[in-house]
Structure formats: structure tokens, C-alpha cells
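Chains, contacts and geometry: an overview
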Amino acid sequence: MNSVNGVLINTLNNSVATIISFVPLFLSGFIILLIGIIISTFLRRIVKGGLEFVKFEGFLRKYGVPESKEAVNWSTILSEIARWFVVIVFLIPTAQIWGLGKFVDVLNNLLMYLPNVFIAVLLLLVGFVVSKLVYDLLIASLRGLSSESAKSIAMVGRYSVLIFVFLVVLNQ
């Protein structure tokens, strides 16, 4: 009976010691993560403010990039991508401190993938601008045809460019 009590007490002591030794690691990781969240929030505000300052949405509207019906717009999308990039950068050392090795590997892979997402968004924006340019170019070139025929051909050209851009973005 003493050996069972000894084993239980030893197990309980080891568990308490492990928990007590993890508390400083947890707090230091939590502080790093909190600093990352604060910095990412400021970065999101700076990026969104910078895009609003240069009237990014007006520029996109001018070149025919579609607008969202909801509160989400292109400036918000780009600023959120920047925000989450910083959060993941700070989440990696936090996970290392907490001893989550596989989670760190997943975050590193995600961090390497985020530039591809940013490039895909930029390609999509450029694709919308180029499709509007193709549409306007075809409308101007086909003045000799009826306006309905010119618009139909121009729409086919515009959607051809958009389909190509969507395929490139999906590949990215």
C-alpha cells in the first residue's frame, strides 16, 4: 500500500512541478503574443489609413475594379493581410516558447504562403484594371459595328481576360 501511495504522491509532485515550471513560459509567450497583436493592430490602421490617404478605393473604382456591397473593401482586405502576417510572425516565437514544435512548422509554412496571397490579390486587382482597359479598347475599336455588337464583343474580351486572371490567381 505504501508503494501505491508513494507512486501517487510522486506523480502528483511531478505534475505540480511541471505546471509551475510552465507558468513562466506561458506568461512570457503570452506577453510576446500580446505585443504582436498590438503591433499588428497599429500596422493594420496605418496600412488602411495610408490606402485611404492615397484614395486607393477611388483609383480602383476609376479603373473598373468591382466594389463590395458589404463593409469589406480592398483596403480592408490588404490591411488585414498585413495584420495577420505580423500576428503569425509573433505567434511563431510564442509557440516555440510553449514547446509546440509541429505548430511552429505549420506557422512557418503559412508564413511562407502569405506573400503568395498578397501577390494573388495584387494580380487580381491588375487583372480587373486590364479587363476594363480591354473593354474600353474594344469599344473604341469597334465603332463601325452597332453599339450592341460592339458591347457584346467587348464583354467577351473583358471576361476572357478575367477568366485568365482568375486562373492565374488560383494557380498562385
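Look above for the structure.
Below you will find a few notes about this structure. (Residues numbered from 1 in each chain as written. Predicted model: local features only at pLDDT ≥ 70, side-chain atom pairs only at ≥ 80, totals over all residues. Heavy atoms only, no water.)

Concerning the overall build of the protein
When its secondary structure is counted, the protein shows five helices and zero strands. Written out in order from the N terminus, the α and β elements of the protein read α-α-α-α-α. Its C-alpha atoms give the protein a radius of gyration of 27 Å, clearly above 16 Å, the size a compact globule of 172 residues would have. Its C-alpha atoms give the protein principal-axis dimensions of about 100 × 35 × 25 Å. For the protein, the proportion of its 172 residues judged to be buried stands at 26%. If you take every contact in the protein between residues at least 6 apart in sequence, the share linking residues at least 24 apart comes to 70%. (Helix = DSSP H or I, 4+ residues; strand = E, 2+ residues; numbered from the N terminus. Rg over C-alpha atoms; globule rule 2.2 N^0.38 Å. Buried < 20%, exposed > 50% of the residue type's maximum accessible area, 1.4 Å probe, protein only. Contact = heavy atoms within 4.5 Å.)

Section: unusual backbone geometry
The phi torsion of most residues other than glycine is negative, and most of the peptide bonds are trans. Phi at Lys 55 takes a positive value of approximately 55°, unusual for a residue other than glycine. Inspection of the secondary structure puts Lys 55 in the loop between α1 (2-53) and α2 (56-62). The exposed category is assigned to Lys 55, whose relative accessible area is 62%.

Points about the pattern of salt bridges
This structure, assessed with the given rule, holds four salt bridges. Across the pair Glu 80 and Arg 44 runs a salt bridge whose closest N-O atoms are separated by 3.5 Å. One end of the pair, Glu 80, is in helix α3 (residues 74-97); the other, Arg 44, is in helix α1, with 36 residues separating them in the sequence. Judged by its relative accessible area of 25%, Arg 44 is partly exposed. Put simply, Lys 48 and Glu 52 hold a salt bridge, and the shortest N to O gap is 3.9 Å. Note that Lys 48 and Glu 52 are positioned in helix α1 at a spacing of four residues, about one turn of the helix. Residue Lys 48 is classed as partly exposed on the basis of its relative accessible area, which comes to 22%. (Salt bridge = Lys/Arg side-chain N within 4 Å of Asp/Glu carboxyl O.)

What about the nonpolar core?
Ranked by size, the top nonpolar core spans 16 residues in total, and within it Phe 56, Trp 74 and Leu 125 carry the most contacts. Of all the elements in the fold, those that place two or more residues in this core are α2, α3, α4 (101-141) and α5 (147-171). Looking at this core element by element, the count peaks at five residues for α4. When neighbours within four sequence positions are excluded, Phe 56 is seen to be in contact with Leu 51, Trp 74, Ser 75, Leu 78 and Leu 125. (Core = buried A, V, L, I, M, F, W, Y, C linked by side-chain atoms within 4.5 Å.)

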